[in-house]
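# Understanding the architecture of this molecule
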Amino acid sequence: AQSVTQPDIHITVSEGASLELRCNYSYGATPYLFWYVQSPGQGLQLLLKYFSGDTLVQGIKGFEAEFKRSQSSFNLRKPSVHWSDAAEYFCAVGPRASGGSYIPTFGRGTSLIVHP
Amino acid sequence: DAGVTQSPTHLIKTRGQQVTLRCSPKSGHDTVSWYQQALGQGPQFIFQYYEEEERQRGNFPDRFSGHQFPNYSSELNVNALLLGDSALYLCASSLGQGDFGSPLHFGNGTRLTVT
């Protein structure tokens with residue numbers, strides 16, 4: 001069965017500092033990987049996705065993630081954090097299920113706190 | 001272009017009661033998935049509807065049921081509510097059962113509190 005581990009429940013960074021959020025997955029084949037962001041009182045918004053090809057994926061809002069098969073990781077990075085980036089971040093893995101649908105399995109999330 | 005809309009935004013129910021949550025998908029989308037997000041947890045998949053049929057189901061009891069209408073909107077019904085059903089319920093829409101070219105678009109959710 002597929003699973004996602006986000007080892008950090010909370011991450012605190014200063015505005016302008018760099019950010020890396022960790023994600024490890026367990027899946028028997030080449031995974032489809034996603035990062036979503038959830039602001040307070042909001043639904044989830046897709047930041048980026050990896051299906052195949054270049055292992056460094058660029059997303060919205062200046063985020064990027066790198067797929068490392070040998071480490072079963074898909075860490076999210078941003079070179080300079082803005083106060084508006086404070087939110088909950090979810091990593092997800094999702095294979096193509098039967099019938100063509102995919103059902104992402106989400107990690108428990110990492111809460112990002114940004115200090116001024 | 002309207003995104004995914006859910007109603008109501010908040011709901012308070014008593015144990016044993018029944019509840020219905022509603023979702024209108026993003027314009028142009030035909031597939032609706034429902035997720036339960038408990039406090040401090042990631043979303044858990046409940047089920048997915050496409051062409052008015054339940055296509056995939058997560059590990060949820062039969063108390064959780066749904067429906068999709070010809071206009072692609074959907075309802076989530078929960079019977080015999082338990083305290084543990086208190087959560088944020090998220091609806092996500094996509095095109096063609098979540099083809100990878102069409103990622104999930106989430107609504108803002110319905111916060112259900114069971115007392």
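## Overview of the overall build of chain B
In terms of regular secondary structure, chain B is built from zero helices and eleven strands. Against the globule reference of 13 Å for 115 residues, chain B gives a C-alpha radius of gyration of 13 Å, in line with a compact fold. In terms of overall dimensions, chain B has C-alpha extents of about 40 × 25 × 25 Å along its principal axes. Taken over 115 residues, chain B has a buried fraction of 52%. Taking as baseline every contact in chain B between residues at least 6 positions apart, the subset at least 24 positions apart corresponds to 54%. Put simply, chain B shows about 5200 Å² of open surface, and 48% of that area lies on carbon and sulfur atoms.

## Some words on the pairing of strand β9 (residues 73-78) of chain A
Residues and elements named next belong to chain A. For β9, a buried count of five out of six residues is recorded, marking the element as mostly surrounded by other parts of the structure. Here five bridges tie strand β8 (residues 64-68) to β9, and the two strands are oriented antiparallel to one another. The residue bridging Lys-68 from the neighbouring strand is Ser-73, located in β9. Taking the residues that link successive antiparallel strands as the turn, the β8-β9 hairpin has four residues, and the phi of Ser-72 there is positive, at about 50°.

## Some words on the packing of aromatic side chains
Any aromatic ring pair is given by two values, namely how distant the centres are and how the planes are angled relative to each other. Overall, the coordinates contain 15 aromatic pairs over all chains when judged by the stated rule. On the basis of an interplanar angle of 85° and a centroid distance of 5.3 Å, the ring pair of Phe-47 of chain B and Tyr-49 of chain B is categorised as edge-to-face. Looking at Phe-47 of chain B, the relative accessible area reads 0%, which means it is buried. For Tyr-49 of chain B, a relative accessible area of 5% puts it in the buried group. An aromatic cluster is present here, built from Tyr-32, Phe-34, Tyr-36, Phe-51 and Phe-106 of chain A together with Tyr-35, Phe-45 and Phe-106 of chain B joined pairwise through their rings.

## Quick notes on the state of the cysteines
With the rule as written, the count across this model stands at two disulfides over all chains. Between the sulfur atoms of Cys-23 of chain A and its disulfide partner Cys-91 of chain A the distance amounts to 2.0 Å. For the disulfide bridge between Cys-23 of chain A and Cys-91 of chain A, the dihedral angle about the S-S bond is near -65°, and by the sign convention the bridge is left-handed. One end of the pair, Cys-23 of chain A, is in the loop between β3 (19-21) and β4 (24-26); the other, Cys-91 of chain A, is in strand β10 (residues 87-93), and 68 residues separate them in sequence. Across a sulfur-sulfur distance of 1.8 Å, Cys-23 of chain B and Cys-91 of chain B are joined as a disulfide pair. As the torsion about the S-S bond is roughly -60°, the Cys-23 of chain B-Cys-91 of chain B disulfide counts as left-handed. With Cys-23 of chain B in strand β3 (residues 19-24) and Cys-91 of chain B in strand β9 (residues 87-94), this residue pair connects regions lying 68 residues apart in the sequence. Residue Cys-91 of chain B is classed as buried on the basis of its relative accessible area, which comes to 0%.

## Points about the environment of Asp-30 of chain B
Residue and element names in this part refer to chain B. As for its placement among the helices and strands, Asp-30 is situated in the loop between β3 and β4 (31-37). On the basis of relative accessibility, which here comes to 14%, the residue Asp-30 falls in the buried class. Separated by 55 residues in the primary sequence, Asp-30 and Asp-85 place their C-alpha atoms 27 Å from one another. Within the structure, the side chain of Asp-30 is placed 3.0 Å from the side chain of Thr-31, a separation counted as a polar contact.

## Here we look at the pattern of salt bridges
With the rule as written, the count across this model stands at eight salt bridges over all chains. Across the pair Arg-22 of chain A and Asp-8 of chain A runs a salt bridge, and its minimum N-O distance is 2.9 Å. One end of the pair, Arg-22 of chain A, is in the loop between β3 and β4; the other, Asp-8 of chain A, is in the loop between β1 (3-5) and β2 (10-14), and 14 residues separate them in sequence. Arg-63 of chain B is the partner of Asp-85 of chain B in a salt bridge, and the nearest nitrogen-oxygen pair spans 2.9 Å. Here Asp-85 of chain B, found in the loop between β8 (74-78) and β9, pairs with Arg-63 of chain B, found in the loop between β6 (53-57) and β7 (64-68); they are 22 residues apart in sequence, far enough to count as distant. With respect to class, Asp-85 of chain B is no different from Arg-63 of chain B; both count as buried. Connected through salt bridges with shared partners, the residues Glu-64, Glu-66 and Arg-77 of chain A form a single ionic network.

Criteria and thresholds
- Residues numbered from 1 in each chain as written.
- Chains lettered and ligands numbered in written order.
- Predicted model: local features only at pLDDT ≥ 70, side-chain atom pairs only at ≥ 80, totals over all residues.
- Heavy atoms only, no water.
- Helix = DSSP H or I, 4+ residues; strand = E, 2+ residues; numbered from the N terminus.
- Rg over C-alpha atoms; globule rule 2.2 N^0.38 Å.
- Buried < 20%, exposed > 50% of the residue type's maximum accessible area, 1.4 Å probe, protein only.
- Contact = heavy atoms within 4.5 Å.
- Areas by Shrake-Rupley, 256 points an atom, 1.4 Å probe, with all protein chains shown as cover.
- Pairing = 2+ DSSP bridges.
- Phe/Tyr/Trp six-rings, centres within 6.5 Å; stacked < 30°, edge-to-face > 60°.
- Disulfide = S-S within 2.5 Å.
- Polar contact = N/O pair within 3.5 Å; in protein donor to acceptor, adjacent residues only side chain to side chain.
- Salt bridge = Lys/Arg side-chain N within 4 Å of Asp/Glu carboxyl O.

These results come straight from atomic positions and should not be treated as a statement about function.
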